[in-house]
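Descriptive structure summary
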6 protein chains.
Amino acid sequence: EGRAYHLGLRKGDVPKYVLMPGEVERASRIASSWDRSWRLAQRREYSSFRGVYRGVDVAVVSTGIGGPATAIAVEELLELGADTLIRVGSTGAIQDDIEVGDIIITTAAVRMDGTSYQYAPAGYPASASYEVIMALVEAAESLGVRYHLGITASTDSFYVGQGRPGYGGYMPSWSRNLVPDLRQMRVLNFEMESATLLTLANIYGFRAGAVHAVYAQRVKDEFVAHAGEENLIKVADEAVRILHEWDEV
Amino acid sequence: EGRAYHLGLRKGDVPKYVLMPGEVERASRIASSWDRSWRLAQRREYSSFRGVYRGVDVAVVSTGIGGPATAIAVEELLELGADTLIRVGSTGAIQDDIEVGDIIITTAAVRMDGTSYQYAPAGYPASASYEVIMALVEAAESLGVRYHLGITASTDSFYVGQGRPGYGGYMPSWSRNLVPDLRQMRVLNFEMESATLLTLANIYGFRAGAVHAVYAQRVKDEFVAHAGEENLIKVADEAVRILHEWDEV
Amino acid sequence: EGRAYHLGLRKGDVPKYVLMPGEVERASRIASSWDRSWRLAQRREYSSFRGVYRGVDVAVVSTGIGGPATAIAVEELLELGADTLIRVGSTGAIQDDIEVGDIIITTAAVRMDGTSYQYAPAGYPASASYEVIMALVEAAESLGVRYHLGITASTDSFYVGQGRPGYGGYMPSWSRNLVPDLRQMRVLNFEMESATLLTLANIYGFRAGAVHAVYAQRVKDEFVAHAGEENLIKVADEAVRILHEWDEV
Amino acid sequence: EGRAYHLGLRKGDVPKYVLMPGEVERASRIASSWDRSWRLAQRREYSSFRGVYRGVDVAVVSTGIGGPATAIAVEELLELGADTLIRVGSTGAIQDDIEVGDIIITTAAVRMDGTSYQYAPAGYPASASYEVIMALVEAAESLGVRYHLGITASTDSFYVGQGRPGYGGYMPSWSRNLVPDLRQMRVLNFEMESATLLTLANIYGFRAGAVHAVYAQRVKDEFVAHAGEENLIKVADEAVRILHEWDEV
Amino acid sequence: EGRAYHLGLRKGDVPKYVLMPGEVERASRIASSWDRSWRLAQRREYSSFRGVYRGVDVAVVSTGIGGPATAIAVEELLELGADTLIRVGSTGAIQDDIEVGDIIITTAAVRMDGTSYQYAPAGYPASASYEVIMALVEAAESLGVRYHLGITASTDSFYVGQGRPGYGGYMPSWSRNLVPDLRQMRVLNFEMESATLLTLANIYGFRAGAVHAVYAQRVKDEFVAHAGEENLIKVADEAVRILHEWDEV
Amino acid sequence: EGRAYHLGLRKGDVPKYVLMPGEVERASRIASSWDRSWRLAQRREYSSFRGVYRGVDVAVVSTGIGGPATAIAVEELLELGADTLIRVGSTGAIQDDIEVGDIIITTAAVRMDGTSYQYAPAGYPASASYEVIMALVEAAESLGVRYHLGITASTDSFYVGQGRPGYGGYMPSWSRNLVPDLRQMRVLNFEMESATLLTLANIYGFRAGAVHAVYAQRVKDEFVAHAGEENLIKVADEAVRILHEWDEV
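Being a predicted model, the structure only gives us computed values, none of them experimental.

**Quick word on the relation of the copies chain A and chain B**
Relating one copy of the chain to the other requires a rotation about an axis plus a shift along that axis. Turning chain A through 180° and shifting it by 0.0 Å along the axis lays it on chain B, with an RMSD of 0.0 Å. Both copies of the chain, as the preceding transformation shows, are related through a two-fold rotation axis. In terms of C-alpha distance to the rotation axis, chain A has A:Gly114 as its closest residue, with the C-alpha 1.8 Å off the axis. A share of 98% of interface residues in chain A that are also interface residues in chain B marks the association as one of identical surfaces.

**Some details on the pattern of salt bridges**
Opposite charge on two side chains permits pairing when their charged atoms draw close. The final tally for this structure, using the stated rule, is 108 salt bridges over all chains. Across the pair A:Arg29 and A:Glu229 runs a salt bridge whose closest N-O atoms are separated by 2.9 Å. Here A:Arg29, found in helix H1 (residues 24–32), pairs with A:Glu229, found in helix H8 (residues 229–248); they are 200 residues apart in sequence, far enough to count as distant. On the basis of relative accessibility, which here comes to 29%, the residue A:Arg29 falls in the partly exposed class. We classify A:Glu229 as buried; its relative accessible area is 6%. A salt bridge links C:Asp96 to C:Arg183; the shortest N-O distance between them is 3.6 Å. Placement of the pair is C:Asp96 in the loop between strand E5 (84–93) and strand E6 (103–112) and C:Arg183 in helix H6 (residues 178–184), with a sequence separation of 87 residues. Assessed through its relative accessible area of 43%, C:Asp96 is described here as partly exposed. Salt bridges sharing partners connect three or more residues here, namely A:Lys16, A:Asp83, A:Glu131, A:Arg207 and A:Asp247.

**Let's talk about the interface of chain A and chain B**
With 51 residues of chain A in contact, the opposing surface of chain B contributes 50 residues. Carbon and sulfur atoms supply 59% of the area buried between chain A and chain B, which totals about 4100 Å² over both sides. It is A:Arg44, A:Gln118 and A:Tyr167 in chain A that bury the most area against chain B; as a group they hold 20% of the surface buried on that side. Taken together, the links from chain A to chain B amount to two salt bridges. For the side of chain A that touches chain B, the elements supplying multiple residues, two or more each, are H1, strand E2 (36–43), helix H2 (67–79), helix H3 (115–119) and helix H7 (194–204) of chain A. The element that contributes the greatest number of residues to the side of chain A that touches chain B is H2(A), accounting for eight residues. Classifying every residue of the side of chain A that touches chain B by side-chain character gives 25 nonpolar, 16 polar and ten charged.

**Considerations on helix H2 (residues 67–79) of chain B**
With 13 residues, H2(B) should reach 18 Å at 1.5 Å per residue; the first-to-last C-alpha distance of 18 Å fits that figure. Taken together, the buried positions of H2(B) are occupied by B:Gly67, B:Pro68, B:Ala69, B:Thr70, B:Ala71, B:Ile72, B:Ala73, B:Val74, B:Glu75, B:Glu76, B:Leu77 and B:Leu78.

**Some words on the packing of helix H4 (residues 130–143) of chain C against helix H8 (residues 229–248) of chain C**
Residues and elements named next belong to chain C. Close contact between H4 and H8 brings their axes to 8 Å; oriented N to C, the two are set at 120°. When the axes of H4 and H8 are compared, the pair comes out oblique. Here H4 and H8 pass one another in a crossing that is right-handed. On H8, the residues touching Glu-131, Val-132, Met-134, Ala-135, Leu-136, Glu-138, Ala-139, Ala-140 and Leu-143 of H4 are Lys-234, Val-235, Glu-238, Ala-239, Ile-242, Leu-243 and Trp-246. Classifying every residue of the contact of H4 with H8 gives twelve nonpolar, no polar and four charged.

**Observations regarding unusual backbone geometry**
In this model, C:Arg54 sits at a positive phi of 45°, which is unusual for a non-glycine residue. Note that C:Arg54 resides in the loop between strand E3 (46–53) and strand E4 (56–61). In this structure, D:His226 is a non-glycine residue whose phi angle is positive, near 70°.

**Examining the side chain of B:His212**
Residue and element names in this part refer to chain B. For His-212, the position within the fold is in strand E10 (residues 207–217). Residue His-212 is classed as buried on the basis of its relative accessible area, which comes to 0%. Separated by 3.4 Å, the side chains of His-212 and Thr-106 make a polar contact.

**Comments concerning the confidence of the model for chain A**
Averaged over every residue, the pLDDT of chain A is 96; residues scoring 70 or more account for 99%. Across the predicted assembly, pTM comes out at 0.97 and ipTM at 0.97.

**A few points about the packing of aromatic side chains**
Scanning all chains against the criterion turns up 42 aromatic pairs over all chains. Clustering of aromatic rings is evident, with ring pairs tying together A:Tyr5, B:Phe158, B:Tyr159 and B:Phe223. Sitting over the face of the ring of A:Phe158, A:Arg164 holds its NZ or CZ atom 4.1 Å from the ring centroid. Above the plane of the ring of F:Tyr117 lies F:Arg111, whose end atom (NZ or CZ) is 4.2 Å from the centre.

**Digging into the interface of chain D and chain F**
Residue-level contacts link 50 residues of chain D with 51 residues of chain F. Interface area, chain D with chain F, both sides summed: about 4000 Å², of which 59% is carbon and sulfur. Connecting chain D to chain F are two salt bridges. The salt bridge involving D:Arg44 is made with F:Glu23; its shortest N-O contact spans 3.7 Å. Our count for the chain D to chain F interface comes out at 24 residue pairs in polar contact (both at pLDDT 80 or more). For the side of chain D that touches chain F, the secondary structure elements donating two or more residues are helix H1 (24–32), strand E2 (36–43), helix H2 (67–79), helix H3 (115–119) and helix H7 (194–204) of chain D.

Parameters at a glance
Residues numbered from 1 in each chain as written. Chains lettered and ligands numbered in written order. Predicted model: local features only at pLDDT ≥ 70, side-chain atom pairs only at ≥ 80, totals over all residues. Heavy atoms only, no water. Least-squares fit on C-alpha atoms with pLDDT ≥ 70 in both. Contact = heavy atoms within 4.5 Å. Salt bridge = Lys/Arg side-chain N within 4 Å of Asp/Glu carboxyl O. Helix = DSSP H or I, 4+ residues; strand = E, 2+ residues; numbered from the N terminus. Buried < 20%, exposed > 50% of the residue type's maximum accessible area, 1.4 Å probe, protein only. Buried area = accessible area lost by both parts, 1.4 Å probe. Nonpolar A, V, L, I, M, F, W, Y, C, P; charged D, E, K, R; others polar. Expected span 1.5 Å × (residues − 1). Axes fitted to C-alpha atoms, helices over the stretch in contact; angles between N-to-C directions. Parallel < 35°, antiparallel > 145°, perpendicular 65-115°, else oblique. Left-handed = near helix turned anticlockwise from the far one by under 90°. Polar contact = N/O pair within 3.5 Å; in protein donor to acceptor, adjacent residues only side chain to side chain. pLDDT = per-residue confidence, 0-100. Phe/Tyr/Trp six-rings, centres within 6.5 Å; stacked < 30°, edge-to-face > 60°. Lys NZ or Arg CZ within 6 Å of the ring centre and 35° of its normal.

This is the structure in structure tokens:
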């Protein structure tokens, strides 16, 4: 009970599979995509729904922005019995060949957050479960959705920590090399939650993955809110169904 | 406009003084404490109201949990013209003489977040504005509220990063020294947003401070939700009025 | 040509798939397991053979011990056209349920090496390719070999850096928490090359993975040289065949 | 007694309030500014005087250059019963609008020293007491002295660590970004003792602050030895008197 | 016995003095330079010979490339009773006045390896024994070999970690300052084993040193394999003889 | 001229050889030990004398306590033409077999200062010149003084940074392992200046060394002020004479 302090949920409220968008509002949109759904709770940035998608029990819990809020949701969901957590996020791409509206499936994340370092030393990997990666790939393939597979940088700052100037044009020397270096290292995109989720998954032994819709193309300076969000939700829903199918075997 | 992307606010929406609770729900409670108030927007973890408290124009914007979400709110509020930001939070105390329901006024924060490091190197101080400290002290004194003044540790993790065991009792070696060391260093309390706010305040040159209600007494293992929250809000409101008075001179 | 300086190999010498044991001697044993094989070169710790395994062109190149020697082999093999590199190593297990002679398939590695930090900042993930993981799992399953799947710690020191006392019992304070902390973080085993290989794979965009035979059980203080080596080689060979099959599709 | 080993002072020798210049010679000049004064001791870089300024008991102890020598003085003064320590230093300004001869009142310091890291981890704040800040501001205002209020960088190196070329023009890559980055972060000035003093003040719970006279204007490359020193001493003396007045209430 | 696991040597196999080339092949060339020699063992990258040079009992054990493999050799040789270890390596020079074929005698090494950090914190010195330095200098002088004396950088990466572009031209921002900064700091050369050897020597209290033949001139982009190797071996052999002579006194 | 700002010295004032005690008072005692001597200057912690010892031109300049003050002295002495700098300090021993009054000759220092990190990255060695080591050893031998040769830890804090409790018994967790770890690493003693001096010597290419008299035996908790100081000064003086003799050849 103490454990579900922030989420406002009780044991039995959530099934095995939980989708985790950052945004409160996307939690509703995900729930609406299912065959049936009902609200569980709404506290702080944690909006939760449960429902059924093509016969599979599923829940959605928004994480809010960033690792600190995400880790709280993860800790409490594990206490409640969840064991497969998939982030369903939006993102900014930093490679040329990724278009606004495309989908990015994260194989592993660069830990540029603070939270994961309180759980594990630098060097510990924020890698996605290969089963979740496979399920997301299979979902995207079967839906005919354009997707990219690779490394995601999870940062604690939307502006300066993603190489964007801060207020008044603030741009310290180190932030100028950020995007060029990550591009060279084949990082596909920036977002703010995956590294925390994936580090905790490895430490605690649950399955996790992350899939993102590209709202921003940082190289071409393009931005379309909600671009690809519909595909994103379809891919996430289908991946849950596929994982459930595999788990049944 | 791009800048207020996350908050959903426009230029002119906010006055000079903005109160910043972590919780969406506390934003409403703060707005209700004023003479008049009206909702500005509600997006993600960002709930905003504007109003008038004893003749002073004031706004409240919730930050969500953690530095990443807080920094976004700060960046966007500065673009909108705010220049005095006061965190109005809840906290866990780690010193014996602090009681549940007491108020803690932060003079400076230990940067155990990730966000502030993307803005400034280790060593840069997350110190509160002395004017905001004075206004908070004067408010607490005049209201006869029991308060403590000192250093706050801002961490990115509610469980392991505050010396609490994580899921399944996870407790790596470094987390065992955390609370004893901080206690020796005269740190009063844990929370998750002040270091980011105060670091950005020093970099960008705006005024900021932080005041907290003690919900948890970690030494005695006591917890009362909302303990002292009413006093907390009164102190914050009054501090704004006092600052406004000083600013008029 | 300058590139293959250390390995003593020329363009065309190696096919797509290369197995990479640490030990010079295991390179021969791997080559002997194929249908046909011939020596390519023998320089320093780099012993190389080419051959055919169940119709698939394959090579083996020993890396020597540690990241520095491994990175040289990787850099030069990429220049020569290889694109799927699988470490075939021996290891020490630190979890109770792993037996001497078992096989460990690495999903990602803890970067406790020095080399990977000269290529990428702390936080960049040393994760294996999910295709290589799947192929190794499928190979182990089909061969009926007992295996474990999880996180591997790659360290630069066989003694002190694996929590073993050094010469004269040298055991500095930090080395005493090493094994207990890694065990808590669900790390399965220690070895000395995977983190470097997997970090370079993500940076350079080639496929890589790692599979190990458990020679040492550190919890029970058991050690059997070459335990499981035969199974290890079979699993690695089969994984190449499976990957080749998938690649053909 | 062991405690006052370096200073050569005994219990009872010092009152509550102690001024702390870096320079031995400034200690005498400060003592001369009082109504009465007498030498306490002279050992190494520690020159100490006691006296009376406008009815207030006060002492001065020089710290020598840098955090290591300053921390020794602080540790020993606390043992002797002092509880309000104010650095009275000289400095180099790095912002355009600060003139040679101006006064800088430090609100908090960037910890670029080594000493404070042996007392507290990176992230712990080197913030001045708000009461000392207020007293210094009030003193400067009442004396009509031109002053600036803000963040001070405390470094362990007068040459390379302040962005000046070392012997033979030594200028490693990182030292080239030093001044531009600190300027962007709104740091006012460089000196070499405040971060140590202010970190220890927060750890040990005593009051501390720092005030500096601008001898060097680094942007315009101007330098006038002793510029503003007289004002500096007046402001420091007056601040002690004001603090004493407040303490009496 | 467990201790000599990797080297395949037994107590009594090695004398006090052991030469340590990186390369297996150089071990043979060194052994051939003695009056008599015989192979001890050949395992992995560890090729060992024993022999007699001008009446002095001496051994050679190759270390393989890098600190991880070197530390294993050192740990096991100490168990076997060796107490004077001299690296006999090849290197790339980064100062203008050093020619291909020259000899470099290392006074101390920059720890850019990973291994030494698992033995000792940053800041612990990788300095050579002054007796070994003296013996190497005297040997070079008496042989009339052109040599340089100074600081060596020991890195874990032959390509990116020595400022050379990696595969596909990979050159992250930090690697561009590497050579210019080290040149300014008067570092003579790059190689990959000395820092580990010299750090362990200080921790364990044995004598160690390092001497290198310059195969690559990085400033002029010249490379001649084996340049100076004959002189290198002569200097190393003579240094052992000189040390033995001094030890006899 | 700007360069000798702190020392108050001019070109021509100092010869090649300069002795550098920490303490102002020891500078006089050293000068008194020569055949003739005269004061050069006295500013802040910098007390300087010149003189002649057994026919050799020599100077002494006190450094004050700690790296920050020491680096200033070094920078300015190099500008003035000095090229052989020997620290002549007092110290606390942490190994059992070292007695109060013994002499310690430093071969290299552990960089636990802050200053050297502003000049060179972690890993750069603070090693003494082998010529200075030899001269100090020869001096101690010829004088029949009991001495120890080895690694010295140079720290920025006399209390907490040497494992002594700070004010009020302050003893954070990390300080408890400090002495046991350094003892295991064969560190002989603590002092506060050598690491800075020796790092700068390697960067700038001048000769340097350090010799200390043991005032404190930390293991046995013994302390005798000035124990061995006379021997210390004799050894330092003689070492200068010996170096001069060698330089003449």
